[in-house]
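Next come the chains, spelled out residue by residue.
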Amino acid sequence: MKAIDTLTPCPCGNAAGYAACCGPLHDGEAAAISAGQLMRSRYSAYVLKREDYLLASWHADTRPASLRLAAQQPAPTWLGLEVRREQRIDDDHAVVEFVARYRLGGGRAHRQHEVSRFVREAGRWYYVDGELAG
């Protein structure tokens, strides 16, 4: 797990800082109030290699057994997140479109443009799956 200075902006881009943004979600002290907030906290979890949080926030029907983040070679360097759209379908379903930028090793930057589906069960939001977009 990567250490983070709690006074720096949150990896998701929130200038309020990690301790006021994604930190409480990662530590289980709070639950995401929207699919968009969960998506941003999941991006931060990838940046910080918080596999525990990623798996816990992934819906049980589609959750993999492991992500093996520590074994990724070369490990991605996450460069930024842009949430393009957050759409609430109904009280318990939502879609979030985002672009996450990253670099592998010293190579060129890549973009992951995804439309992700989320579901809320027992008051908690979960990532279900995503489809790569153009």
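What counts, and at which threshold
- Residues numbered from 1 in each chain as written.
- Predicted model: local features only at pLDDT ≥ 70, side-chain atom pairs only at ≥ 80, totals over all residues.
- Heavy atoms only, no water.
- Helix = DSSP H or I, 4+ residues; strand = E, 2+ residues; numbered from the N terminus.
- Phe/Tyr/Trp six-rings, centres within 6.5 Å; stacked < 30°, edge-to-face > 60°.
- Buried < 20%, exposed > 50% of the residue type's maximum accessible area, 1.4 Å probe, protein only.
- Salt bridge = Lys/Arg side-chain N within 4 Å of Asp/Glu carboxyl O.
- Core = buried A, V, L, I, M, F, W, Y, C linked by side-chain atoms within 4.5 Å.
- Contact = heavy atoms within 4.5 Å.

Caption draft 1: Spotlight on the environment of Val115. Structurally, Val115 can be placed in strand β3 (residues 109–121). Between the C-alpha atoms of Val115 and Ala133, which are 18 residues apart in sequence, the distance is 6.6 Å.

Caption draft 2: Main features of the packing of aromatic side chains. Throughout the structure, instances matching the rule amount to five aromatic pairs. Residues Phe118 and Tyr127 carry aromatic rings whose centres are separated by 5.7 Å and whose planes lie at 70° to one another, so their mutual orientation is edge-to-face. Assessed through its relative accessible area of 2%, Phe118 is described here as buried. Note on Tyr127: relative accessible area 10%, which makes it buried. A connected cluster of aromatic rings, assembled from ring pairs, spans Tyr43, Tyr46, Trp78 and Tyr102.

Caption draft 3: Representation of the pattern of salt bridges in the model. With the rule as written, the count across this model stands at six salt bridges. Residue Arg84 pairs with Glu82 through a salt bridge whose shortest N-O separation is 3.2 Å. Judged by relative accessible area, Glu82 falls into the partly exposed class, the value being 39%. The network of salt bridges with common partners includes Asp27, Arg50 and Asp52.

Caption draft 4: Structural context of the nonpolar core. If you look at the biggest cluster of nonpolar residues, it comprises 28 residues, and the most contacted ones within it are Leu81 and Phe118. Put simply, the parts of the chain that give this core at least two residues each are α2 (35–47), α3 (51–56), β2 (93–104) and β4 (124–132). No other element matches the six residues that α2 contributes to this core. Not counting residues within four places of it along the chain, the set of residues in contact with Phe118 comprises Ala35, Leu38, Met39, Asp92, His93, Ala94, Val96, Trp125, Tyr126, Tyr127 and Val128.

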